[in-house]
Amino acid sequence: MEIEPSLYAADFANLGEQVDILLRTGARVFHFDVGDGHFIEPITIGPIVLQSIAPIIHGMQGAIDCHLMVDNPVRHFPQIAEAGGDSVTFHYEVVEDVPGTIAAAREHGLQVGVAFNPESEPEDVAKVAGDADIVLCMSIHPGYSGQEFMPDAIGRLERVRQALPESIHVQVDGGIDNDNVRAVYDAGATLIVAGSAIFAREDLPRSYRRLVQALA
């Protein structure tokens, strides 16, 4: 089980320092959102930023989990791999051939996730994501950090967990805080992405530890 700090919510004037603080606090997997201005409205961070923080994270045996909120994920796989990404997650809604897209990511040495939006049926995603390492259940509509958690995500998490082999991790992203982190874990999520709950607080170590403690 991992609490993944979502770097989309970080203070980019102090990004390297904040990553280092969280690594020393115990975080080992960081969530890196890439938005293209098409699949989602905002254009977010990309390979240049990824390349700058990868040595810091890898130097402390951490990993970078890259979430591609983009229309054409395959074109981004080489850049993500070259910049230091360890896994890449694309959206079920934007590709016609999910198994083929998973295979294309593996050609670049990446672990692979398949994300799905609140409108997609968990069972439909599970049918085509059997070769993935991760299935990501969005608990908000992708695009902007700071949105409120959608309560119906609990049921979708339970459904996708039941439909997938145990070897595939279930991830959740969006609106996670101290009040719901235990509920999403109990519903089947073992990779839990948290942005504002960590970075909107002045004391990053305390914010991260409070999430971990809320799971106890």
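Everything that follows concerns the structure shown earlier in this document.
Rules behind the numbers
- Residues numbered from 1 in each chain as written.
- Predicted model: local features only at pLDDT ≥ 70, side-chain atom pairs only at ≥ 80, totals over all residues.
- Heavy atoms only, no water.
- Salt bridge = Lys/Arg side-chain N within 4 Å of Asp/Glu carboxyl O.
- Helix = DSSP H or I, 4+ residues; strand = E, 2+ residues; numbered from the N terminus.
- Buried < 20%, exposed > 50% of the residue type's maximum accessible area, 1.4 Å probe, protein only.
- Core = buried A, V, L, I, M, F, W, Y, C linked by side-chain atoms within 4.5 Å.
- Contact = heavy atoms within 4.5 Å.
- Pairing = 2+ DSSP bridges.
- Right-handed = clockwise from strand over helix to strand, strands pointing away.
- Expected span 1.5 Å × (residues − 1).
- Bend = angle between axes of the 7 residues up to and from the residue.
- Lys, Arg positive; Asp, Glu negative; His and termini not counted.
- Polar contact = N/O pair within 3.5 Å; in protein donor to acceptor, adjacent residues only side chain to side chain.

1. So, the pattern of salt bridges
Okay, step 1: Overall, the coordinates contain 6 salt bridges when judged by the stated rule.
Okay, step 2: Two residues, Arg-106 and Asp-133, come together in a salt bridge whose shortest N-O distance is 3.0 Å. On the criterion of sequence distance, the pair formed by Arg-106 in helix α4 (residues 98-106) and Asp-133 in the loop between α5 (122-128) and β6 (134-138) is long-range, its members being 27 residues apart.
Okay, step 3: Given the relative accessible area of 35%, Arg-106 is considered partly exposed.
Okay, step 4: Among the ionic pairs, Glu-121 bridges to Arg-159, the shortest N-O distance being 2.7 Å. Here Glu-121, found in the loop between β5 (111-116) and α5, pairs with Arg-159, found in helix α6 (residues 153-163); they are 38 residues apart in sequence, far enough to count as distant.

2. Structural notes on the nonpolar core
Okay, step 1: Formed by 63 residues in total, the largest nonpolar core has its most connected members in Phe-32, Ile-192 and Ile-198.
Okay, step 2: Among residues more than four places away in sequence, those in contact with Ile-192 are Met-1, Glu-2, Ile-3, Glu-4, Val-172, Ile-176, Val-181, Val-184, Tyr-185 and Leu-215.

3. As for the pairing of strand β4 (residues 87-91)
In summary, the side chains of a regular strand alternate between the two faces of the sheet.
Okay, step 1: Burial of β4 is extensive: 5 of the 5 residues sit out of reach of the surface.
Okay, step 2: Burial of the side chains of β4 extends over both faces: Ser-87, Thr-89 and His-91 are buried on one face and Val-88 and Phe-90 on the other.
Okay, step 3: The sheet contact formed by strand β3 (residues 63-69) and β4 spans 3 bridges and is parallel. Considered in β4, the bridge of Cys-66 is made with Val-88.
Okay, step 4: Running through helix α3 (residues 77-83), the crossover from β3 to the neighbouring parallel element β4 is right-handed.
Okay, step 5: Across 5 bridges, β4 lies against β5 in parallel orientation. Looking at the pairing, Ser-87 lines up with Gln-111 of β5.

4. Section: helix α2 (residues 47-59)
Okay, step 1: In a regular helix each residue adds 1.5 Å, so 13 residues correspond to 18 Å; α2 covers 18 Å between its end C-alpha atoms and thus fits that length.
Okay, step 2: Where α2 bends most, the angle comes to about 40 degrees, and this point is Ile-53, followed within four residues by the proline Pro-55.
Okay, step 3: Those residues of α2 lying buried are Leu-50, Ile-53, Ala-54 and Ile-57.
Okay, step 4: In this fold, the buried residues of α2 make contact with α1 (15-25), β2 (29-35), β3 and α3.
Okay, step 5: Gln-61 sits one or two positions beyond α2 and adopts a positive phi of about 60 degrees.

5. Considerations on the side chain of Arg-156
Okay, step 1: Structurally, Arg-156 can be placed in helix α6.
Okay, step 2: When residues no more than four places from it in sequence are discounted, the contact partners of Arg-156 are Phe-116, Asn-117, Pro-118, Pro-122, Cys-137, Met-138 and Ser-139.

6. Brief notes about the side chain of Asp-65
Okay, step 1: With respect to the element layout, Asp-65 can be found in strand β3.
Okay, step 2: Although Asp-65 is buried, it makes no salt bridge; Arg-106 carries the closest opposite charge, 12 Å away.
Okay, step 3: There is a polar contact of 3.1 Å between the side chain of Asp-65 and the side chain of His-31.
Okay, step 4: A distance of 3.0 Å separates the side chain of Asp-65 from the side chain of Ser-87, its partner in a polar contact.
Okay, step 5: Contacts of Asp-65, omitting those with residues within four sequence positions, involve Glu-4, Val-29, Phe-30, His-31, Phe-32, Ser-87, Thr-89, Ile-134 and Gln-171.

7. A look at the environment of Glu-121
Okay, step 1: We classify Glu-121 as partly exposed; its relative accessible area is 38%.
Okay, step 2: Taking the C-alpha atoms as reference points, Glu-121 and Val-160, 39 residues apart in sequence, are found 8.7 Å from one another.

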